[in-house]
Amino acid sequence: MEEEARKLLAEGIKKKLISPGKGDLSTFPNGTKVVFHYRTSLCEGTVLDDSRTMGGRSKPMELILGKKFKLAVWERLVITMREGEIAEFTCDTKHTALYPLVSQSLRNISVGKDPLEGQRHCCGIAQIHSHHSLGHKDLDHLQANPQPLVFTIELLEVLPPGSFQLDVWAMTDEEKLSFVPQIHEEGNKLFKEGHISEARDKYYNGIACLKNLQMKEQPGDESWLKLDQMITTLLLNYCQCLLLEGQYYEVIEHCSSLLFKYENNVKALYKRAKAHAAVWNEAEARADFAKLLELDPSLGPSVAKELKTMEERIRSKQREEKGRYKDLFNYNTPPATATTG
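The structure presented is a predicted model; accordingly, all values stated were derived computationally and were not measured.

Undergrad: Whenever I open this one, the packing of helix α7 (residues 173-192) against helix α8 (residues 196-214) confuses me. Can you help?
TA: Packed helices, taken two at a time, are described by the angle their axes make and the gap between the axes. Closest axis-to-axis distance for the α7/α8 pair is 8 Å, and the angle between their directions is 160°. By the angle between their directions, the pair α7 and α8 is classed as roughly antiparallel. For the pair α7 and α8, the crossing hand works out as left-handed. Listed contacts from α8 to Asp173, Lys176, Leu177, Val180, Ile183, His184, Glu186, Gly187, Asn188, Leu190 and Phe191 of α7 are Ile196, Glu198, Ala199, Lys202, Tyr203, Asn205, Gly206, Cys209, Leu210, Asn212 and Leu213. Counted by class, the contact of α7 with α8 contains 11 nonpolar, six polar and five charged residues.

Undergrad: Can you help me understand the pairing of strand β5 (residues 86-91) in this one?
TA: Regular strands have side chains that alternate between both faces of the sheet. Where burial is concerned, the two faces of β5 differ: the one with Ala87, Phe89 and Cys91 is buried and the one with Ile86, Glu88 and Thr90 is not. Pairing of strand β1 (residues 13-19) with β5 involves six bridges; the strand directions are antiparallel. Bridging from a neighbouring strand, lysine 16 pairs with glutamate 88 of β5. As paired elements, β5 and strand β6 (residues 149-159) share six bridges and run antiparallel to each other. Each bridged residue has a counterpart across the sheet, and for isoleucine 86 the counterpart in β6 is glutamate 154.

Undergrad: I keep staring at the confidence of the model for the chain and nothing clicks. Help me out?
TA: Any residue range with low pLDDT should be treated as having predicted coordinates unsuitable for detailed reading. Put simply, the chain has an average pLDDT of 88, and 88% of its residues get 70 or more. Per-element mean pLDDT across the chain ranges from 41 in helix α5 (residues 124-128) up to 98 in β5. Between residues 119-131, whose pLDDT stays under 50, and residues either more than four places distant or in other chains, the model counts 23 contacts.

Undergrad: Can you help me understand the packing of aromatic side chains in this one?
TA: Working definition: an aromatic ring pair is given by the centre-to-centre distance plus the angle between the planes. Counting across every chain of the model gives eight aromatic pairs. Here phenylalanine 69 and tryptophan 74 contribute two aromatic rings whose centre-to-centre distance is 6.0 Å and whose plane-to-plane angle is 10°, an arrangement assigned as stacked. A ring pair is formed by tyrosine 99 and phenylalanine 151, whose centres lie 5.7 Å apart and whose planes are at 55°; its orientation type is tilted. Highlighted residues: tyrosine 99 in helix α4 (residues 99-110) and phenylalanine 151 in strand β6, separated in sequence by 52 residues. Taking the relative accessible area as the measure of exposure, phenylalanine 151 reaches 0% and is therefore buried. Within the aromatic cluster, the residues linked to one another by ring pairs are Phe36, Tyr38, Phe69, Trp74, Tyr99 and Phe151. Against the face of tryptophan 280 rests arginine 313, its NZ or CZ located 4.0 Å from the ring centre.

Undergrad: Is there a simple way to think about the pairing of strand β2 (residues 33-42) in this case?
TA: By the criterion of burial, β2 is predominantly enclosed, with nine of the 10 residues buried. As judged from the four bridges shared by β2 and strand β4 (residues 61-64), these two strands associate in the antiparallel manner. Within the sheet, the bridge partner assigned to phenylalanine 36 lies in β4 and is methionine 61. Where β2 meets β6, 10 bridges bridge the pair, whose relative direction is antiparallel.

Undergrad: What is the right way to read the packing of helix α11 (residues 266-278) against helix α12 (residues 282-295) from this model?
TA: The geometry of α11 relative to α12 is characterised by a closest axis approach of 8 Å and an angle of 155° between their N-to-C directions. Taken together, the axes of α11 and α12 lie roughly antiparallel to each other. In this structure, the crossing between α11 and α12 has a hand that is left-handed. On α12, the residues touching Val266, Leu269, Tyr270, Arg272, Ala273, Lys274, His276 and Ala277 of α11 are Glu284, Ala285, Asp288, Phe289, Lys291, Leu292 and Leu295. A class-by-class count of the residues in the contact of α11 with α12 yields nine nonpolar, one polar and five charged.

The rules we used
- Residues numbered from 1 in each chain as written.
- Predicted model: local features only at pLDDT ≥ 70, side-chain atom pairs only at ≥ 80, totals over all residues.
- Heavy atoms only, no water.
- Axes fitted to C-alpha atoms, helices over the stretch in contact; angles between N-to-C directions.
- Helix = DSSP H or I, 4+ residues; strand = E, 2+ residues; numbered from the N terminus.
- Parallel < 35°, antiparallel > 145°, perpendicular 65-115°, else oblique.
- Left-handed = near helix turned anticlockwise from the far one by under 90°.
- Contact = heavy atoms within 4.5 Å.
- Nonpolar A, V, L, I, M, F, W, Y, C, P; charged D, E, K, R; others polar.
- Buried < 20%, exposed > 50% of the residue type's maximum accessible area, 1.4 Å probe, protein only.
- Pairing = 2+ DSSP bridges.
- pLDDT = per-residue confidence, 0-100.
- Phe/Tyr/Trp six-rings, centres within 6.5 Å; stacked < 30°, edge-to-face > 60°.
- Lys NZ or Arg CZ within 6 Å of the ring centre and 35° of its normal.

Laid out in structure tokens, this is it:
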């Protein structure tokens with residue numbers, strides 16, 4: 001243990017054991033999956049991230065060793081630990097320069113966003129030296145002022161290669177591309193069985209996987225366009241789940257982005273029209289339904305049904321509001337009379 005501590009010190013890492021683990025130290029061959037909780041702090045104690053509270057939930061970090069994770073030092077730290085061990089590592093700036101980007105991705109994931117959202121199509125070092133905001137003041141400050149960080153890690157589980165299914169983020173580009181049809185089919189099956197939220201998550205994972213691949217292509221190239229068509233299909237399925245879950249404004253946002261690129265996409269137009277109708281955007285709903293009929297007259301019966309439903313909801317709302325105003329301004333109620341004793 002002392003020899004390992006000396007090696008770490010020579011590399012600019014100081015380890016402090018908080019609670020010993022159990023069993024023997026793993027050999028950690030490439031392909032090993034490690035699951036751990038982490039807390040990242042500045043040296044003066046300010047906490048930047050904590051996997052137990054990030055995004056309002058407790059979700060441990062998972063790494064596949066040998067997959068060239070952007071923050072390489074985390075691999076170096078966990079291979080010195082036993083299962084169940086808790087340790088604190090103070091790491092020099094040379095190990096922490098990319099942490100702002102890693103933290104941004106982890107924060108995005110914790111709230112259900114694309115992990116690559118807000119990151120430019122360039123390498124991490126180029127981003128570090130750019131003036132591009134990461135969307136978080138603490139990370140922007142850390143990016144502008146690189147400094148040592150303290151990582152407190154609890155190693156929960158060590159899984160040898162072949163004993164688990166690879167997560168999407170840990171796959172090669174070829175594995176991701178071949179995996180998308182499978183995840184698409186799983187989503188469709190869940191949707192048909194009525195498991196809407198589970199289906200939505202499958203579609204989301206497929207979209208994130210394809211967007212990751214698309215970032216490596218030149219916009220407008222054949223490969224980029226092919227991936228974009230695959231994304232469009234999954235995004236429409238994702239929006240159908242959101243419609244059923246009542247997430248109407250998110251449906252409007254996603255479908256509008258699709259229609260900006262593919263203005264005659266009937267499915268995107270239909271879903272956006274329904275979402276507009278659900279949130280009382282009558283004019284926008286009527287405009288979308290009218291364009292739908294221009295693009296596909298065979299949808300006449302469906303559009304008529306949706307318009308009828310919307311109009312009935314509007315009339316019902318108007319009657320309800322009229323009743324409230326009538327009670328509010330009802331001057332026929334006899335005034336109360338004062339009496340004297």
